[in-house]
Amino acid sequence: MDAAFTEEQHEIRRTLRELLLKRCGPDEVKAAVRTPPGYDEQLWRQLATQLGLPGLALPTAYGGVGCGPTELALACEETGRAVLPSPLIATAALAAPLILALGSERQRTALLPALATGELTGTLAVPGGQLATALALTGPNGGDWAGGGRAGGIQARVQDGMWRLYGEAGQVLNGHTADVLVVAAHTGGFARSRTLLFLVRAAAPGSADGADARRGAGPGVPGLLRTRQTTLDETRPQARLELREVPAELLGEGDGDEAAVAGALAVTGVAAAAALAAEAVGTADTALARTVAYVREREQFGRPIGSFQAVQHRLADLYVTLQAARSAAYYAAWSAGRGRSAAEGAAGPYGAAEPGVGALALAQALETLRAVAAEAVQLHGGIGFTWEHEAHLYFKRAACDELLLGPVHRLRARAAEEAGLFAGGAGESAGSGTTPANADAADGSDGTGAADGSNAPGGSGAADGSNASGGSGAADGPNPSSASGGSGASDASNPAGASAGARAPEAVEA
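As the structure is a computational prediction, the values presented were derived from the model and not from experiment.

**Q** How should I be thinking about the overall build of the chain in this particular structure?
**A** Along the backbone of the chain there are 14 helices and 9 strands. Out of the 510 residues belonging to the chain, those deemed buried represent 58%. Across the chain, every contact between residues at least 6 apart in sequence was considered, and the portion connecting residues at least 24 apart equals 70%. For the chain, the accessible area works out to roughly 19,500 Å², and carbon and sulfur atoms hold 51% of it.

**Q** I tried to follow the nonpolar core on my own but got confused; where do I start?
**A** Side chains of nonpolar character tend, in soluble globular proteins, to be buried together. Leu124, Leu165 and Leu197 are the most contacted members of the largest nonpolar core, which totals 133 residues. With 19 residues, helix α9 (residues 258-297) is the single largest residue contributor to this core. Excluding anything up to four places from it in sequence, leucine 165 contacts Ile154, Gln155, Ala156, Val183, Ala185, Phe198, Val200, Leu243, Arg244, Glu245, Val246 and Ala248.

**Q** I would appreciate a short explanation of the pattern of salt bridges in the present structure.
**A** For side chains of opposite charge, pairing can occur when their charged atoms come near one another. Inspection of every chain in the model, using the stated rule, returns 27 salt bridges. Residues arginine 290 and glutamate 390 are paired through a salt bridge, measuring 3.0 Å at the closest nitrogen-oxygen approach. Here the residue arginine 290 occupies a position in helix α9, and glutamate 390 occupies one in the loop between α11 (357-379) and α12 (391-405), the gap between them amounting to 100 residues. The class of arginine 290 is partly exposed, set by a relative accessible area of 35%. Here glutamate 390 falls in the buried class, since its relative accessible area comes to 12%. Where glutamate 367 meets arginine 370, a salt bridge forms, and the shortest distance between an N and an O atom there is 3.7 Å. On the criterion of helical spacing, the pair formed by glutamate 367 and arginine 370 is a turn pair, its members being 3 residues apart in helix α11. Glutamate 367 sits in the buried class, given a relative accessible area of 16%. Assessed through its relative accessible area of 36%, arginine 370 is described here as partly exposed. Through salt bridges with shared partners, one network takes in Arg13, Arg17, Glu77, Glu78, Arg81, Asp285 and Arg326.

**Q** How do you make sense of helix α6 (residues 105-116) when you look at a structure like this?
**A** One full turn of an α-helix is made of 3.6 residues, so residues set three or four places apart face in the same direction. Here α6 is 12 residues long and its end C-alpha atoms lie 16 Å apart, about the 16 Å a rise of 1.5 Å per residue gives. Every buried residue belonging to α6 is among Gln107, Arg108, Leu111, Leu112, Ala114, Leu115 and Ala116, and all of these are buried. Packing partners of the buried residues in α6 comprise α3 (41-51), α5 (88-102), β1 (122-125), β4 (180-187), β5 (194-201) and β7 (238-250). Phi for glycine 118, located one or two positions after α6, is positive at around 85°.

**Q** Just to check I follow, could you spell out the pairing of strand β3 (residues 162-173) for this structure?
**A** A regular strand places its side chains on the two faces of the sheet in alternate fashion. Strand direction decides the pairing type here: strand β2 (residues 154-159) and β3, joined by 6 bridges, are antiparallel. Its bridge partner lying in β3, arginine 157 is registered against arginine 164. Hairpin geometry of β2 and β3 is characterised by an intervening segment of 2 residues between the two adjacent antiparallel strands and by a positive phi of about 55° at aspartate 160.

**Q** Help me out: how do you make sense of the packing of α5 against α6 in this one?
**A** Helix-helix packing: each pair is described by the crossing angle between the helix axes and the interaxial distance. Closest axis-to-axis distance for the α5/α6 pair is 9 Å, and the angle between their directions is 160°. If you check the angle between α5 and α6, you find them roughly antiparallel. α6 is crossed by α5, and the crossing has left-handed handedness. Facing α5, whose interface residues are Thr91, Ala96, Ile99, Leu100 and Ala101, α6 presents Gln107, Arg108, Leu111, Leu112 and Leu115. Looking at side-chain class alone, the contact of α5 with α6 contains 7 nonpolar, 2 polar and 1 charged residues.

**Q** Would you mind showing me how to read unusual backbone geometry here?
**A** Peptide bonds are trans in most cases, and residues, glycine excluded, mostly fall at negative phi. Residue proline 407 is bonded to the preceding glycine 406 through a cis peptide linkage, with omega at 5°. Relative to the elements of secondary structure, proline 407 occurs in the loop between α12 and α13 (408-419). Positive phi, close to 50°, is recorded for valine 83, a residue that is not glycine. By secondary structure assignment, the location of valine 83 is in the loop between α4 (69-81) and α5. For valine 83, a relative accessible area of 2% corresponds to the buried category. You will see that glutamate 245, though not glycine, has its phi angle at about 55°, which is positive. With respect to the helices and strands, the residue glutamate 245 is situated in strand β7.

Here is what the cut-offs are and how they apply
- Residues numbered from 1 in each chain as written.
- Predicted model: local features only at pLDDT ≥ 70, side-chain atom pairs only at ≥ 80, totals over all residues.
- Heavy atoms only, no water.
- Helix = DSSP H or I, 4+ residues; strand = E, 2+ residues; numbered from the N terminus.
- Buried < 20%, exposed > 50% of the residue type's maximum accessible area, 1.4 Å probe, protein only.
- Contact = heavy atoms within 4.5 Å.
- Areas by Shrake-Rupley, 256 points an atom, 1.4 Å probe, with all protein chains shown as cover.
- Core = buried A, V, L, I, M, F, W, Y, C linked by side-chain atoms within 4.5 Å.
- Salt bridge = Lys/Arg side-chain N within 4 Å of Asp/Glu carboxyl O.
- Expected span 1.5 Å × (residues − 1).
- Pairing = 2+ DSSP bridges.
- Axes fitted to C-alpha atoms, helices over the stretch in contact; angles between N-to-C directions.
- Parallel < 35°, antiparallel > 145°, perpendicular 65-115°, else oblique.
- Left-handed = near helix turned anticlockwise from the far one by under 90°.
- Nonpolar A, V, L, I, M, F, W, Y, C, P; charged D, E, K, R; others polar.

Given below as structure tokens:
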């Protein structure tokens, strides 16, 4: 891979960062999450129309920019830096890629241009809080996670020549405002059990009902009740959907292909994991930068607390861990877009990404964000625990993302299974969950883990529970500085070491 970014990629980062610095400070974020949609609609329209953010990874044939997962990950890193509440992940990383991969030409033509311009927003609805499972990030997605048998989850059946959906789904990202719902539902009962994806259109392009639905008004879809849920992290709006014989349209042509659905979800999961990992890295970067600035100013015993060696060591360790997570996120994004042309966009061939790379990068990023956010609260002292300070935004994002997409040890166990690091490898994992042996090995609790890391995606040995992700082999200890970012990771003056995909910024000096 080419570790250097292109001028176009640098321009995407620079333009988006400048805009968000002006329009999305901590006060603006806190005000936006209290609105009914949960985000600033005016800012979202500006991001969509001026920068083409929702269509960044969509082909130009459907109104997109024609970039790929790498550019989307870079954009998500900047939105994560500002902790931007928006439907970007739900629309650009979940709904649009699935419509592109599985939808008929008529469905693509009708929906993708409107999604690319921000006229419509979309999301993926998975019952039972099984989003990570559906995307094959924490286990195989070939089971009955959408609701097995004749009850549970969301059931789909044909009535009067039209598909009808019955059931409910919780923790749906931006589900209360999305205009296009991609719903995973179980159909066939016991005789022909399978999981397919369906389209529920809450609003048509250019209709007034779409704006009403985003404000929580309007007639909506008969039988569909959407309720915004109270969440710890208000910057990641979630909703509960109740479907009572809701009319729907099968995503794709014919009777549906369960294998194709599982494959498309898995491919989408890799790119979505890379985007979410980059977003977590951006949030962690801001939290660390604000913490470094604070310890330079806060004085105790007649000197800045950042001058104490113990504080410097803690910040240096965080910096090394952050650079390793950034390298893993970049590599996952590059791997997800490998072998795809601009015309293909997110609809490239299945299995193009390296096995386990998305889950591994996401695990590394979530763990890094959790560590950085916790230290930010601690080093800010009493003010870090207050609602007025922004430190709680980073901490809540870290906690809720891991609850929604993790836990971290399951992400690592899945990455190890896909990469074949343990006996049986991925061959035994088809159609079954994570085995206890694999879970122990991925968690590092048995002390063995992945010994050399040579077979791990991206050359990392992170499957044993360590924080290695750059180019180093293995690390069996809990200290993040001992196995992050390649050789020389323990030296805070050169923390990035052999990072897989990024040029490290200057070292932190507290």
